[in-house]
Number of protein chains: 2
Amino acid sequence: MALETLSEVRAHDGVQGVYRHDSTATKTPMEFSVFVPPHAAGEKLPVVWYLSGLTCTHANVTEKGEFREMCAKRGLIFIAPDTSPRGEGVADDSDGAYDFGLGAGFYVNATKTPFAQHYQMRDYIETELPHVIAKNFPSADMSRQSIMGHSMGGHGALTIGLRNPERYRAVSAFAPIVAPTDVPWGQKALSGYLGEDQSAWSEYDACALVRGGARLPDILIDQGTADNFLAEQLKPHLFQKVCDDAGQSLTLRMQDGYDHSYYFISSFMADHLAWHADRLKS
Amino acid sequence: MALETLSEVRAHDGVQGVYRHDSTATKTPMEFSVFVPPHAAGEKLPVVWYLSGLTCTHANVTEKGEFREMCAKRGLIFIAPDTSPRGEGVADDSDGAYDFGLGAGFYVNATKTPFAQHYQMRDYIETELPHVIAKNFPSADMSRQSIMGHSMGGHGALTIGLRNPERYRAVSAFAPIVAPTDVPWGQKALSGYLGEDQSAWSEYDACALVRGGARLPDILIDQGTADNFLAEQLKPHLFQKVCDDAGQSLTLRMQDGYDHSYYFISSFMADHLAWHADRLKS
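Analysis parameters
- For every chain, the first residue of the written sequence is number 1, and numbering continues from 1 onward in sequence order.
- Here every chain gets a letter starting at A, and every ligand a number starting at 1, in the order they are written.
- Totals for whole chains, interfaces and linings use all residues, but because this is a predicted model, local features are given only for residues with pLDDT of at least 70 and pairs of side-chain atoms are given and counted only at 80 or more.
- Side-chain numbers here rest on the full set of heavy atoms in the structure, without hydrogens or water.
- UniProt positions are given in the numbering used here, feature names are shortened, and annotations may be inferred rather than shown by experiment.
- By the criteria applied, helices consist of DSSP H or I runs no shorter than four residues and strands consist of E runs no shorter than two, each listed in order from the N terminus.
- For the radius of gyration, the atoms used are the C-alpha atoms, and the globule rule reads 2.2 Å times the number of residues raised to 0.38.
- Under the scheme applied here, a residue whose accessible area is under 20% of the maximum for its type counts as buried, over 50% as exposed, and between as partly exposed, the area being computed with a 1.4 Å probe on protein chains only.
- The criterion used for residue contact is that any of the two residues' heavy atoms lie within 4.5 Å.
- Here, a salt bridge means any Lys or Arg side-chain nitrogen found within 4 Å of an Asp or Glu carboxyl oxygen.
- The fit set for superposing copies consists of C-alpha atoms from residues with pLDDT of at least 70 in both; the fit itself is least squares.
- Arc, as used here, means the arc of the directions from the helix axis to the C-beta atoms.
- Pairing between two strands is assigned when DSSP locates at least 2 bridges connecting them.
- To define axes, lines are fitted to C-alpha atoms, for helices over the stretch in contact only, and angles between the resulting N-to-C directions are given on a 0 to 180 degree scale.

Chain A is annotated in an unreviewed UniProt entry as S-formylglutathione hydrolase of Litorimonas cladophorae. What UniProt records for chain A under Function (unreviewed entry) is the sentence "Serine hydrolase involved in the detoxification of formaldehyde." We quote the UniProt Sequence similarities (unreviewed entry) comment for chain A here in full: "Belongs to the esterase D family."

Take a look at the structure:
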């Protein structure tokens, strides 16, 4: 679990770093970014996980996410992992498509050959990386974690949060894939990583998890109305209905005129972080 | 002066756009970005110009600058031009170096062959683009403008501001080149664009302009102490001395541990914009 520092830069009075380590879960080197805000010596800070969407690495949100000002203001550590294993020997989509394989791990533990060998992103995010953070960032208070994400990463945040309600005090998402079983991105990924038997998919489907009894105190979702993927891939109304039927509290905000990009995410990032901070510091 | 809209995206309740037009100054197509914050119908808003540094286009600050939140809060239009003419037939550095030619126009009107043909960035920024903005953005109040920039763009902001004190109500810079006559970047650029006769350089040198009597009500500069270019290229103490000697008000803040990157710029962008807004709205 030795950690290699690729860069550490001062930003908003804290330190924005990028790190690499050899992952036992994915059997590849993995990179991630961490922002540690200014804090007193010995102070322990809550940890916010941000899971990125298709095609992204840690770099997209690190450069464009506009999270540091609020993290500095509220004292939040912000962690951005990669979206898949990478490197020579890591299987990719047979056509090199953007929505499966490299950059598209979907936060699952793959069971199908050849993806099972490296695509163990659920274990990586849920188990391995938290240990790496706890060991290498002494200011991280692992008893106060929350999780958010965008698109495929919103799917990751919701499903990981719903499976681990005792660990994450706040769960939110920007334009998440809420019903992968019912949309093309999800069907391609889940069949490709897990096989055609849909009974194996339900633990990776936020709608199915809530229908199956998983609960969180509250969930916040922002969704742009001008998002090109809204009608075919995202379908937040499906999750709204499932939550309404199950009595799961959900705040779904349709944001007029916003698209799927980091211009949308950065517009509401500070708002999400303040919402997380309220729950992490209460 | 017809303007082509390359993209317009909703962000922070305003519109972040990227536009292209055929420049008469540079005789090339030129691209720039404009953020128009939310505002009431018919409201006129002050205009902040941001000039970028070596290698940059409008895209760097547009993606990484973290300016939109404060522009939305204070009602500022934010304009980011390109740093040079581009395209086939535009002369470049003979070795393709990053610090001269493409991406390195230095905000001068070149007089030397072959650069004089297209490298007329002073006229472009001072004269042509303001007319394009006034004509195409009806909410822009061209009687209230200010200017800022980074590195080479800080040099641009200071020299353009000092030459036009009646136009720009606020002038600030991040890690600017303040004494191009005395540092390698400036010597290469000014000799390449203007020739070896240094009498032609002084109107493009902030130190020389202040020594020659140019004055502004106030100037704000932030400079990181961990900036790799500080000692050889930036030398803010030279400008401090010239301003002290001349009685020019200067607030030079040495920011401990910050480098030359957009992590530095974005850390202090909101602060600069608030400083501009105070002067644009008084």
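> Help me understand the overall build of chain A in this model?
From N to C terminus, chain A includes 9 helices and 9 strands. The C-alpha radius of gyration of chain A comes to 17 Å, within 12% of the 19 Å expected for a compact globule of 282 residues. Each principal axis of the C-alpha distribution contributes one length, and for chain A these read about 50 × 40 × 35 Å. Taken across its 282 residues, chain A has 62% of its residues classed as buried. Pairs at least 24 apart in sequence give 73% of the contacts found in chain A among residues at least 6 apart.

> What's the story with the pattern of salt bridges in this structure? I'm lost.
Working definition: two side chains of opposite charge can pair if their charged atoms are close together. Residues and elements named next belong to chain A. Per the counting criterion, the structure on display carries 32 salt bridges over all chains. Ionic pairing is found between glutamate 31 and arginine 20, a salt bridge with its closest N-O pair at 3.4 Å. One end of the pair, glutamate 31, is in strand β3 (residues 29–36); the other, arginine 20, is in strand β2 (residues 14–22), with 11 residues separating them in the sequence. Take glutamate 31: its relative accessible area is 26%, and that puts it in the partly exposed class. By relative accessible area, arginine 20 is classed as partly exposed at 28%. Aspartate 245 is the partner of lysine 241 in a salt bridge, and the nearest nitrogen-oxygen pair spans 2.7 Å. With lysine 241 and aspartate 245 both in helix α8 (residues 236–246) and 4 residues apart, this pair spans about one turn of that helix. Of the residues examined, aspartate 245 reaches a relative accessible area of 57% and is grouped as exposed.

> What is the right way to look at the relation of the copies chain A and chain B in this model?
Applying a rotation about an axis and a shift along it to one chain copy brings it onto the other copy. At an RMSD of 0.0 Å, chain A and chain B line up after a rotation of 180° and a shift of 0.0 Å along the axis. Such values leave the two copies arranged in the relation of a two-fold axis. Within chain A, the C-alpha atom positioned nearest to the axis of rotation is that of lysine 64 of chain A, 2.7 Å from it. Residue by residue, 100% of the interface of chain A is reproduced at the interface of chain B, so both copies engage with the same surface.

> Quick question: what am I supposed to make of helix α8 (residues 236–246) of chain B here?
Count 3.6 residues to each turn of an α-helix, and residues three or four apart come out pointing the same way. All names here are of chain B. Among all positions in α8, only Pro236, Phe239, Val242 and Cys243 are buried. The arc that holds the buried residues of α8, viewed along the axis, is 120°, so those residues lie on one side. Across α8 from its buried face, at more than 90 degrees, point the exposed residues His237, Lys241, Asp244 and Asp245. Buried residues belonging to α8 abut α4 (152–163), α6 (206–211), β8 (220–224), α7 (230–234) and β9 (251–255). Glycine 247, located one to two residues past α8, shows a positive phi value of around 75°.

> What exactly am I supposed to notice about the sheet that holds strand β8 (residues 220–224) of chain A here?
Adjacent strands of a sheet form backbone hydrogen bonds with each other and so pair up, either parallel or antiparallel. Residues and elements named next belong to chain A. Taken in spatial order, the 9 strands of this open sheet run β1-β2-β3-β5-β4-β6-β7-β8-β9, and their pairing is mixed. Where the open sheet ends on each side, the last strands, each with one partner, are β1 (4–11) and β9 (251–255). Each adjacent strand pair in this sheet contributes to an overall mean axis angle of 20°, direction not counted. Both strand β6 (residues 140–150) and strand β7 (residues 168–174) contribute to a ladder of 5 bridges, which runs parallel. Among the inter-strand pairings, methionine 148 is bridged to a residue of β7, identified as serine 172.

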